[in-house]
Amino acid sequence: MLKTTGISHVVLNVRDLDTMVNFYVKTLGLTITHQNPGRMVFMTADTEKDDHMIALAKGLEGESNLLAHIAWKVPSVADVKAYYEYFKENGIPIDHNVSHAYAFGGNTVSCYFLDPEGNHLEVYALVPGGEEGNAAGNYGIDLEQSVEDITAQAMRLTPAAAGGRH
């Protein structure tokens, strides 16, 4: 049976990014770990344990969803691939597959999918940063490949797959 190891982080869509960042930093004492200026800010309560526990993304308007996604950590790339296969076999919509470069701790192998009400969820595992180090950005990955090839993609040792986003 597939099993996550726990919740990793939550991403919220916000109307006023600066005000929200100020609130989380001043009220909860979170530390900004990295950001895409004017677009997204990643924060954690403990930089020794987590790259980010929450991310705030500019873009909440009108009736749009507050929740961008909830990320669940799994132990290995093989587990992400197993979830990917499970989603395909059971008709669970897969949104996209991508590797994110974290500020520290390596890169992810991430599979984004939808719950029955259309909420975005992510399962991911960490791999070491590759030759490019932990260069910021997202990198498409192909989860149809072997675990070794997926890992190489996420470590930036082989070319990116088409379709990565986030």
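Residues numbered from 1 in each chain as written. Predicted model: local features only at pLDDT ≥ 70, side-chain atom pairs only at ≥ 80, totals over all residues. Heavy atoms only, no water.

A.B. asks: Describe the sheet that holds strand β7 (residues 107-114), with residues and values.
C.D. replies: What the 9 strands build is an open sheet, ordered β2-β3-β4-β1-β5-β8-β7-β6-β9; its pairing is mixed. The sheet terminates laterally at β2 (31-36) and β9 (138-140), the two strands that pair on one side only. Neighbour to neighbour, the strand axes of the sheet diverge by 25° on average, direction disregarded. Pairing analysis gives 4 bridges linking strand β6 (residues 94-100) to β7, with the strands arranged antiparallel. If you follow Ile94 over to β7, its bridge partner there is Phe113. In the packing of helix α1 (residues 17-28) onto the sheet, the strands contacted are β1 (6-14), β2, β3 (40-44) and β4 (54-58), and the crossing angle to β4 comes to about 165°. In the packing of helix α3 (residues 147-154) onto the sheet, the strands contacted are β6, β7, β8 (120-127) and β9, and the crossing angle to β7 comes to about 110°. (Pairing = 2+ DSSP bridges. Helix = DSSP H or I, 4+ residues; strand = E, 2+ residues; numbered from the N terminus. Axes fitted to C-alpha atoms, helices over the stretch in contact; angles between N-to-C directions. Contact = heavy atoms within 4.5 Å.)

A.B. asks: How would you summarise the nonpolar core if you had to cite specific residues and measurements?
C.D. replies: Side chains of nonpolar character tend, in soluble globular proteins, to be buried together. Among the nonpolar cores identified, the biggest contains 18 residues, and Val80, Val109, Cys111, Val123 and Leu143 are the most heavily contacted of them. Of all the secondary-structure elements, those providing two or more residues to this core are α2 (77-89), β7, β8 and α3. Here this core takes 5 residues from α2, the largest share from any one element. When near neighbours in sequence (up to four residues on either side) are disregarded, Leu143 contacts Val80, Lys81, Tyr84, Glu85, Asn97, Val109, Cys111 and Ile150. Counting 10 residues, the second-largest nonpolar core is a separate cluster that includes Leu17, Val21, Tyr24 and Leu30. (Core = buried A, V, L, I, M, F, W, Y, C linked by side-chain atoms within 4.5 Å. Buried < 20%, exposed > 50% of the residue type's maximum accessible area, 1.4 Å probe, protein only.)

A.B. asks: I'd like a rundown of the packing of α2 against α3, residues and numbers included.
C.D. replies: Angle between the axes and distance between the axes: these two values describe a pair of packed helices. Between α2 and α3, the shortest axis-to-axis distance is 10 Å and the interhelical angle comes to 110°. Taken together, the axis directions place α2 and α3 in an arrangement best described as roughly perpendicular. Classified by chirality, the crossing of α3 by α2 is right-handed. Contacts between α2 and α3 involve Val77, Ala78 and Lys81 on the former and, on the latter, Val147, Ile150 and Thr151. Here the contact of α2 with α3 is built from residues that sort into 4 nonpolar, 1 polar and 1 charged. (Parallel < 35°, antiparallel > 145°, perpendicular 65-115°, else oblique. Left-handed = near helix turned anticlockwise from the far one by under 90°. Nonpolar A, V, L, I, M, F, W, Y, C, P; charged D, E, K, R; others polar.)

Distances and angles like these do not, on their own, reveal function.
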